[in-house]
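If you want the building blocks of each chain, they are given just below.
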Amino acid sequence: MRKTAAAALVVLGLWVTAAAPAPAAVTAVPAVETVFIGDSSTANFGIAPTRGPQGCLRSAGNYPAETVERLASAGVRLDVRDDVSCGGAEIRHVWDAQSLAPSGGERVAPQAAAIGPDTALVVGSVGGNTAGVASILKQCSQRLRGAEGLLMPADPVDASSPASECPAFFAGEGAGWLEGRMAAVRTDLGRMFARVREKSPDARVVLVGYPRLVPADTGRCLAEVPGGTEKPFADIGQDALAFLDAGVQRPLDALMREAAEEAGAAFVDLYARTGATTGCDGDRRGIGALLESSEVRYGGRELPWYVHPNRTGRDIQAAEVADAIERLLAERR
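One structure accompanies this document, and this report is about it. Not measured: the values here are computed from a predicted model.

Another point: the packing of aromatic side chains. Applying the stated criterion across every chain yields a total of four aromatic pairs. Centroid distance F45 to Y306: 6.3 Å. Interplanar angle 15°. Geometry classified as stacked. Here F45, found in the loop between α2 (40–43) and β4 (50–51), pairs with Y306, found in the loop between β13 (301–304) and α9 (311–330); they are 261 residues apart in sequence, far enough to count as distant. By relative accessible area, F45 is classed as buried at 9%. Exposure remark for Y306: the relative accessible area of 5% places this residue in the buried category. Through pairs of rings, three or more aromatic residues link up here, namely F169, F170, W177 and F243.

Take a look at the structure:
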């Protein structure tokens, strides 16, 4: 049996001896009221079946659901007030309503509406859409700019600049755009933590980072995915992949960690722990290929993974998040 915070949180029983042995009542520690928030990484876009608002494409078996099951098996109970994670969510959608793609007609309430004064734990991944990752992918992929990318709710940063010149674009005229996006992530994360404190002053927050997409050796991305016909990143070149890792994911990961630390929140650094399960790691990969068909259909069409965690990646997310929550709850003994 694992040595976890369950030992601190669950009273298994206590026998008291007086004149004659008599059993004492077993005291159960209340479940921890929890709200899951976030974007498609929390919703686990691409894993079927889905639930909730159709446009959110939230998996019924997302990492929040798996995390709850893992913790329950370890004796730690979460009382999930709500899971409001939604594909396409930016950080601002914690306090602003979100229009759902592709039609924009359906709207969902601000995610913070699910947080109440008794909420003890808020968990989720958010930041990638504010950083403009989808637009960056479209800037670097000609195929995404066509019909294959229509279901990805983003435009390239500058469609007049060829996809093949993506790294040069972001080193030049696109540098200011990216810098502005990263600054927005920092500002909005600060506002998000403040909003959570307003809604529930005693809630603990766990900000969950993103799994690593690109390995250090981009040559591993030249082979097609096992059993498929697509390369992990389709037509995105090796130099652009190196930029995506060093110029986007690593800075975003560091920024999210710093913002969490400044707010007194916990941070789950998935990037640091998934270097061997990137989108280019063959049978071990935890990331679905950019244009490989996922498990989900929308409007009668198969949705590509768009480099989101597959079931292997989802299980890694759940294991790391469950461990982080156990540690956090143990600190509150």
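Here we come to helix α3 (residues 63–73). For α3, the full list of buried residues reads Y63, P64, T67 and L71. Down the axis of α3, the smallest arc covering the buried residues is 100°, so these residues share one side. Across α3 from its buried face, at more than 90 degrees, point the exposed residues E69 and S73. Residues of α3 that are buried in the fold lie against β3 (32–38), α2, β6 (78–83), β9 (121–125), β10 (204–208) and α9.

Before going further, it helps to examine the sheet that holds β9. Read from one edge to the other, the open sheet built from five strands follows the order β6-β3-β9-β10-β11, with strand pairing classed as parallel. Edge positions in the open sheet fall to β6 and β11 (266–268), since each of these has one partner strand only. Averaged over neighbouring strand pairs, the angle between their axes works out to 25° when direction is ignored. The strands that α3 touches are β3, β6, β9 and β10; relative to β6, the one it contacts most, it runs at about 175°. Relative to β10, helix α6 (residues 175–199) is tilted by about 150°, and along the sheet it contacts β3, β9 and β10.

All right, on to unusual backbone geometry then. The general pattern is negative phi for most residues beyond glycine and trans for most peptide bonds. A cis amide bond links A48 to the next residue, P49, at an omega of -5°. Locating P49 in the fold gives a position in the loop between α2 and β4. Of note in this structure, N44 is not a glycine but carries a positive phi near 55°. If you trace the backbone, N44 turns up in the loop between α2 and β4. A positive phi angle, close to 50°, is found at V307, a residue other than glycine.

Cut-offs used in this document
Residues numbered from 1 in each chain as written. Predicted model: local features only at pLDDT ≥ 70, side-chain atom pairs only at ≥ 80, totals over all residues. Heavy atoms only, no water. Phe/Tyr/Trp six-rings, centres within 6.5 Å; stacked < 30°, edge-to-face > 60°. Helix = DSSP H or I, 4+ residues; strand = E, 2+ residues; numbered from the N terminus. Buried < 20%, exposed > 50% of the residue type's maximum accessible area, 1.4 Å probe, protein only. Arc of directions from axis to C-beta. Contact = heavy atoms within 4.5 Å. Pairing = 2+ DSSP bridges. Axes fitted to C-alpha atoms, helices over the stretch in contact; angles between N-to-C directions.

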